[in-house]
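Take a look at the letters that make up each chain.
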Amino acid sequence: MERVYIIPLRDVKRVPRTIRSPKAIRLVREFLKKHMKSEDIKIDNSINEKIWERGIQKVPPKIKVKATKEEDGSVSVTLVE
């Protein structure tokens, strides 16, 4: 199963500036656990680079990702450009 999601990261702006990017990564993982119904989420390095692109404080407001669920239930996630 393959789906494309636009994940809103605007809620990350409510946390202190020094923990925004790590919080955004956790938020992406939680979003995908909820929507793909799986505990095993593998986030690609391109998503990490996109979130950390402008540093720890300036997180993008949203990102577009492609999630693919394998037969064993694991989900691999890559960035869509």
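My aim in this report is to walk through the structure given alongside it, one point at a time. (Residues numbered from 1 in each chain as written. Predicted model: local features only at pLDDT ≥ 70, side-chain atom pairs only at ≥ 80, totals over all residues. Heavy atoms only, no water.)

## Regarding the overall build of the chain
Counting its secondary structure elements, the chain contains two helices and four strands. The secondary structure elements of the chain, listed N-terminal to C-terminal, are β-α-β-α-β-β. A compact globule built from 81 residues would reach a C-alpha radius of gyration of about 12 Å, and the chain, at 12 Å, matches this within 12%. C-alpha atoms of the chain, sized along the principal axes, occupy 40 × 20 × 15 Å. (Helix = DSSP H or I, 4+ residues; strand = E, 2+ residues; numbered from the N terminus. Rg over C-alpha atoms; globule rule 2.2 N^0.38 Å.)

## Some details on the sheet that holds strand β4 (residues 75-79)
Strand order in this open sheet of four strands is β1-β3-β4-β2, and the pairing throughout is mixed. With partners counted over all chains shown, the strands left at the sheet margins are β1 (2-8) and β2 (41-43), one partner each. Neighbouring strand axes in the sheet, compared pairwise and without regard to direction, differ in orientation by 30° on average. As paired elements, β1 and strand β3 (residues 62-69) share seven bridges and run antiparallel to each other. By the bridge assignment, Ile7 is partnered in β3 with Ile63. (Pairing = 2+ DSSP bridges. Axes fitted to C-alpha atoms, helices over the stretch in contact; angles between N-to-C directions.)

## Comments concerning the environment of Lys42
Within the fold, Lys42 resides in strand β2. Using a relative accessible area of 46% as the deciding quantity, one classes Lys42 as partly exposed. Taking the C-alpha atoms as reference, Lys42 lies 20 Å from Arg20; in sequence the two are 22 residues apart. Among all residues touching Lys42, those that are not within four sequence positions of it are Ser74, Val75, Ser76 and Val77. (Buried < 20%, exposed > 50% of the residue type's maximum accessible area, 1.4 Å probe, protein only. Contact = heavy atoms within 4.5 Å.)

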